[in-house]
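Spelled out, the chains give:
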Amino acid sequence: MTAPVTGLLTRLLGRLPIGWLQLTHNRGRLAAAIAGVAFANVLVFMQLGFLGALISTIRLPYQALAADLLVLASDANTLQDGSPLPRQRMLEALSVPGVAAATALHYGRLDWKQPDGTVRTLDVLGVDPRARSFSLRAIERQRDLLTLSRAALLDSGTRNVPPAVFEAIAAGQTLHFEAGGRAVDVVGTFHIGGGFSADGYLVVSDQTFLKLFPQRSAGAPNIVLLRAEPGTDLDALARRLRAVLPASDSAVRTVAEAVARDQRFQTTQRPVGVIFGFGVAMGALVGIIIVYQVLSTDVADHLREYATFKAIGYGQRFFLGIVFEEAVILALLGFIPGSLVATGLYALVTAAVGLPVSMDGFRLAGVLLGTIAMCTLSGAVATRRLARAEPAALF
Amino acid sequence: MAPGLGPAIRVAGLSHAFGEGEARRKVLQDIALDIPRGQLVILMGASGSGKTTLLTLLGCLRAVQEGSVVVLGRELAGAAEAEMVAARRRLGFIFQAHNLHESLTALQNVQMGLAVHGPLPGAEVAAAHLLGLLGLGDRLHHLPAQLSGGQKQRVAVARALVGNPDIVFADEPTAALDRESGRAVVEMLRRLGHERGTTTLMVTHDNRILELADRILTLEDGRILQDETRAGGAGAKAPRRGWDVS
Ligand SMILES: Nc1ncnc2c1ncn2[C@@H]1O[C@H](COP(=O)(O)OP(=O)(O)OP(=O)(O)O)[C@@H](O)[C@H]1O
Ligand SMILES: [Mg+2]
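Please read all numbers here as calculations on a predicted model, not as lab measurements.

1. Focus: the overall build of chain B
Argument step 1. Across its full length, chain B holds six helices and 10 strands.
Argument step 2. By principal-axis analysis of the C-alpha atoms, chain B measures approximately 55 × 40 × 40 Å.
Argument step 3. When burial is assessed residue by residue, chain B has 54% of its 246 residues classed as buried.
Argument step 4. Excluding contacts between residues fewer than 6 apart, the proportion of contacts in chain B whose partners are at least 24 apart in sequence is 66%.
Argument step 5. Element-wise, carbon and sulfur atoms account for 51% of the exposed surface of chain B, whose accessible area totals about 10,600 Å².

Next comes the structure, spelled out in structure tokens:
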């Protein structure tokens, strides 16, 4: 069963594949080692999957906006954490040449109690129903409905809500619910999908928003969405806007800049992001320890044989070659089940939690290379004791 | 061998000790020895007299502590690791225990003795041929665990010889062999000596093969007690006293 591989490796390496022969000689240990590497791979893949989901869910609401540039509060890192912005900034921005349209957006958060007593957290976007604020066709099509008092559009990607709820709305029924003592009438749906902080999104008119959040005022939105004249250089326009708007309370960012800043903030400063990053490091560490254990035990078990090879005249490069051969074999054999299991778990998590956790080629290649690197590093450390020993001392 | 070449081995003032401080004990004392090329030398002596220690020193498997060891014209005392590695490639070592690689077949084990010189075409054929000469033609693809003690020992002999070494060191190579195959191995070494000028230094307790030796050295407590050269190797007498250092 292993003979064809042995032949292939012999041709590939230009020598007997001693590492491969050693590994396959002890099948039980080989299986345990492969399982260990696969386990470490799954750990790393899961953490990277969550991190990737965090990064991509951050981008989703920005992509739903019909904007080229955003004016946010100068202290804002995300869409929701900035101080309110003077409405005046919108009018000032409109006066800058190159700005085609400007509209204000209020951002809030409310709890939607479910019949079973649990709560869904919704990020609420309050917009001017007469102006175009979204690039999502579903919202634009139903924008007129928002002029009705209390009317709202609900994210059909909202986590843990029975599909029947959205089907009923789509069929023309209105869904009523109360939040903080105020009534909401859901008259339509769109799709963005929940992230790590909220379960989904709710779009309302600015008037409805102010009823839902009475402490907020029409004169202080969170974000001003700007659209540029066609063909405008956005970076130059941003510079012109910055010259006009006071930096003390407002910041002008292209959508791409705002997304990048939000992602950087959430992955490095917020606990979730840091935890996932830490998890990746832990997974890699577990992998290194397992592989180091396997390889150093293997070196110890073959000390006599290596001493014999040394006596025949083989040098340190040869032993490093054997251990690297073993390391790469373990990395590859562990990676195959590891990536398969992780892909399966991704699908499971996506179904269970409604997070967009998915495998991509870039991540596969990255983890494979990382695995080979960590196995090779462990191998190099494991052969150190061979380097100086005289053959006679090893028998 | 070609005239003008020096002796295979020249040893002067070689001493060796194991242990540290209080426990330090000399196991070789002021050894002097010249072995010309092509000789088959047998090294005898009681258990613990220092035979294996001497063999591993001459075979570049242990660093020289005191004295001079010149093997094939190369001084081993103070030699760098790279020089030791290069020297080992011209030697063949047959160990007291066979030391075969458990994951490799008989044939693969023997090939390892050849592959140290780089990839050669026909290496597999040469290894198989030698194993055939040693009566293992039908055991080429067996793992060591599937071979008897004597068969393993013969594989180890083949591994040491396959690279055409200039000197063969053999530590009790016939211990695990019956009379017939033991004698066959030693006769093979002797023939190599005559045909190719291969020098052999062999430790043995086996009186049955003494008659094949060109020379017999006897070690006692780390000194050479007796150095007996036999004319033609077969049955010559006239033992002579070796160096008596005391
Ligand atoms: N690595 C070592 N550390 C300490 N003492 C050692 C070591 N190797 C050998 N000795 C000691 O050196 C002495 C000589 O050992 P050596 O192995 O050379 O004997 P030998 O003549 O080959 O014996 P035998 O016939 O039993 O193989 C012995 O007393 C042994 O205990
Ligand atoms: Mg011994």
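2. Quick look at the overall build of chain A
Argument step 1. Looking only at helices and strands, chain A features 15 helices and nine strands.
Argument step 2. At 29 Å, chain A has a C-alpha radius of gyration far larger than the 21 Å of a compact globule built from 395 residues.
Argument step 3. When its C-alpha atoms are laid out on the principal axes, chain A stretches across 90 × 50 × 35 Å.
Argument step 4. Taken across its 395 residues, chain A has 51% of its residues classed as buried.
Argument step 5. Pairs at least 24 residues apart make up 76% of the contacts formed inside chain A by residues separated by at least 6 positions.
Argument step 6. If you sum the accessible surface of chain A, you get close to 17,500 Å²; carbon and sulfur atoms cover 61% of it.
Argument step 7. Between the centroid of the 35 positive side chains of chain A and the centroid of its 29 negative side chains there is a distance of 5 Å.

3. A look at the site of ligand 1
All names here are of chain B.
Argument step 1. In the neighbourhood of ligand 1, 14 residues make up the surrounding shell, with Arg-25, Ser-47, Lys-51, Thr-52 and Thr-53 lying closest.
Argument step 2. A distance of 2.8 Å separates an oxygen atom of ligand 1 from a polar atom in the side chain of Arg-25.
Argument step 3. Here an oxygen atom of ligand 1 and a side-chain polar atom of Gln-96 are 3.0 Å apart.
Argument step 4. Considered on its own, ligand 1 offers 630 Å² of accessible surface; in the complex 63% of this is hidden by protein.
Argument step 5. Counting residues per element, the ones that place at least two in the shell around ligand 1 are β2 (25-35) and α1 (51-58).
Argument step 6. With three residues, the single largest contributor to the shell around ligand 1 is α1.
Argument step 7. In terms of residue class, the shell around ligand 1 is built from three nonpolar, eight polar and three charged.

4. Description of the pairing of strand β8 (residues 223-228) of chain A
When a strand is regular, its side chains alternate between the sheet's two faces.
Residue and element names in this part refer to chain A.
Argument step 1. Among the six residues that make up β8, five are buried, leaving the element largely enclosed by the rest of the structure.
Argument step 2. Two elements, strand β1 (residues 69-73) and β8, share four bridges in a ladder whose sense is antiparallel. By the bridge assignment for β8, Leu-69 is matched with Leu-226.
Argument step 3. Of the pairings in the sheet, the one linking strand β2 (residues 99-113) to β8 comprises six bridges and is antiparallel in character. Across the sheet, residue Ala-104 finds its bridge partner in β8, namely Val-224.

5. Concerning the domain arrangement of chain A
All names here are of chain A.
Argument step 1. When the domains of chain A are assigned, the result is domain 1 (2-57 + 271-394) and domain 2 (84-248).
Argument step 2. Tallying the contact residues gives 10 residues for domain 1 and five residues for domain 2.
Argument step 3. Interface area, domain 1 with domain 2, both sides summed: about 520 Å², of which 66% is carbon and sulfur.
Argument step 4. The largest contributions to the domain 1 side of the interface with domain 2 come from Thr-57, Val-353 and Leu-355, which together make up 56% of the buried area.
Argument step 5. The tally of links between domain 1 and domain 2 comes to zero salt bridges.
Argument step 6. Scanning the region where domain 1 abuts domain 2 turns up one residue pair in polar contact (both at pLDDT 80 or more).
Argument step 7. Elements represented by at least two residues in the side of domain 1 that touches domain 2 include exactly α3 (27-64), α10 (271-301) and α12 (316-353).
Argument step 8. Of all the elements, α3 adds the most residues to the side of domain 1 that touches domain 2, at four residues.

6. So, the coordination of the magnesium ion (ligand 2)
All names here are of chain B.
Argument step 1. Around the magnesium ion (ligand 2), the protein supplies Thr-52 (OG1) and Gln-96 (OE1) as donor atoms, at distances of 1.9 to 2.7 Å. Remark: Gln-96 occurs in the loop between β6 (91-94) and α3 (106-115) and Thr-52 occurs in helix α1; sequence separation between them is 44 residues.
Argument step 2. A residue is classified by how much of its surface remains accessible, and Thr-52, at 30% relative accessible area, is partly exposed.
Argument step 3. Residue classification places Gln-96 among the partly exposed residues on the basis of a relative accessible area of 44%.

7. Here's the deal with the UniProt feature "transmembrane region" (unreviewed entry) in chain A
All names here are of chain A.
Argument step 1. Mapped onto this numbering, the UniProt entry gives "transmembrane region" (unreviewed entry) at residues 30-55, 272-295, 327-349 and 361-382.
Argument step 2. Secondary structure content for residues 272-295 is 100% helix and 0% strand, while the C-alpha to C-alpha distance between its ends is 35 Å.
Argument step 3. Helix and strand shares over residues 361-382 are 100% and 0% respectively, and the end C-alpha atoms of the span are 31 Å apart.

8. Notes on the UniProt feature "domain: MacB-like periplasmic core" (unreviewed entry) in chain A
Argument step 1. Within this structure's numbering, the places UniProt gives as "domain: MacB-like periplasmic core" (unreviewed entry) are residues 31-243 of chain A.
Argument step 2. With 33% helix and 28% strand, residues 31-243 of chain A has its two end C-alpha atoms placed 65 Å apart.

9. What to know about the interface of chain A and chain B
A common way to state how big an interface is: give the accessible area lost once the parts meet.
Argument step 1. Facing 22 residues of chain A, the contacting portion of chain B comprises 25 residues.
Argument step 2. Summing both sides of the interface, chain A and chain B together bury roughly 2,200 Å²; the carbon and sulfur share of this comes to 61%.
Argument step 3. If you sort the residues of chain A by the area they bury against chain B, Leu16(A), Ile312(A) and Tyr314(A) come out on top, with a joint share of 23%.
Argument step 4. Counting across the interface, chain A meets chain B through eight residue pairs in polar contact (both at pLDDT 80 or more).
Argument step 5. Secondary-structure elements contributing two or more residues to the side of chain A that touches chain B are α2 (18-25), α11 (303-312) and α15 (391-394) of chain A.
Argument step 6. Among the elements that take part in the side of chain A that touches chain B, α11(A) stands out by supplying seven residues, more than any other.
Argument step 7. Partitioned by chemical class, the residues of the side of chain A that touches chain B number 11 nonpolar, seven polar and four charged.

10. Focus: the pattern of salt bridges
All names here are of chain A.
Argument step 1. Taken as a whole, this structure holds 21 salt bridges over all chains when the rule is applied.
Argument step 2. Between Arg-143 and Glu-140 there is a salt bridge, and its shortest N-O distance comes to 2.4 Å.
Argument step 3. Among the salt bridges present, the one from Arg-159 reaches Asp-199, with a minimum N-O distance of 3.1 Å. Separated by 40 residues along the polypeptide, Arg-159 in the loop between β4 (151-155) and α6 (163-170) and Asp-199 in the loop between β6 (182-190) and β7 (200-205) bring together distant segments of the chain. Taken individually, Arg-159 and Asp-199 each receive the classification buried, so the pair is uniform in this respect.
Argument step 4. Among the ionic contacts, a cluster of salt bridges with common partners joins Arg-29, Asp-298 and Asp-301.

11. Concerning the nonpolar core
Argument step 1. Counting residues in each nonpolar core, the largest one holds 46 residues, and the members touching the most others are Leu70(A), Val203(A), Leu226(A) and Leu241(A).
Argument step 2. With 38 residues, the next largest nonpolar core counts Ala123(B), Ala127(B), Val168(B) and Met188(B) among its residues.

About the criteria used
- Residues numbered from 1 in each chain as written.
- Chains lettered and ligands numbered in written order.
- Predicted model: local features only at pLDDT ≥ 70, side-chain atom pairs only at ≥ 80, totals over all residues.
- Heavy atoms only, no water.
- Helix = DSSP H or I, 4+ residues; strand = E, 2+ residues; numbered from the N terminus.
- Buried < 20%, exposed > 50% of the residue type's maximum accessible area, 1.4 Å probe, protein only.
- Contact = heavy atoms within 4.5 Å.
- Areas by Shrake-Rupley, 256 points an atom, 1.4 Å probe, with all protein chains shown as cover.
- Rg over C-alpha atoms; globule rule 2.2 N^0.38 Å.
- Lys, Arg positive; Asp, Glu negative; His and termini not counted.
- Charge placed at Lys NZ, Arg CZ, Asp CG, Glu CD.
- Near = heavy atom within 4 Å.
- Polar contact = N/O pair within 3.5 Å; in protein donor to acceptor, adjacent residues only side chain to side chain.
- Nonpolar A, V, L, I, M, F, W, Y, C, P; charged D, E, K, R; others polar.
- Pairing = 2+ DSSP bridges.
- Domains from an automatic or database assignment.
- Buried area = accessible area lost by both parts, 1.4 Å probe.
- Salt bridge = Lys/Arg side-chain N within 4 Å of Asp/Glu carboxyl O.
- Donors = N, O, S within 2.8 Å, 3.2 Å for Na, K, Ca; no water.
- UniProt positions renumbered as here; feature names shortened; annotations may be inferred.
- Core = buried A, V, L, I, M, F, W, Y, C linked by side-chain atoms within 4.5 Å.

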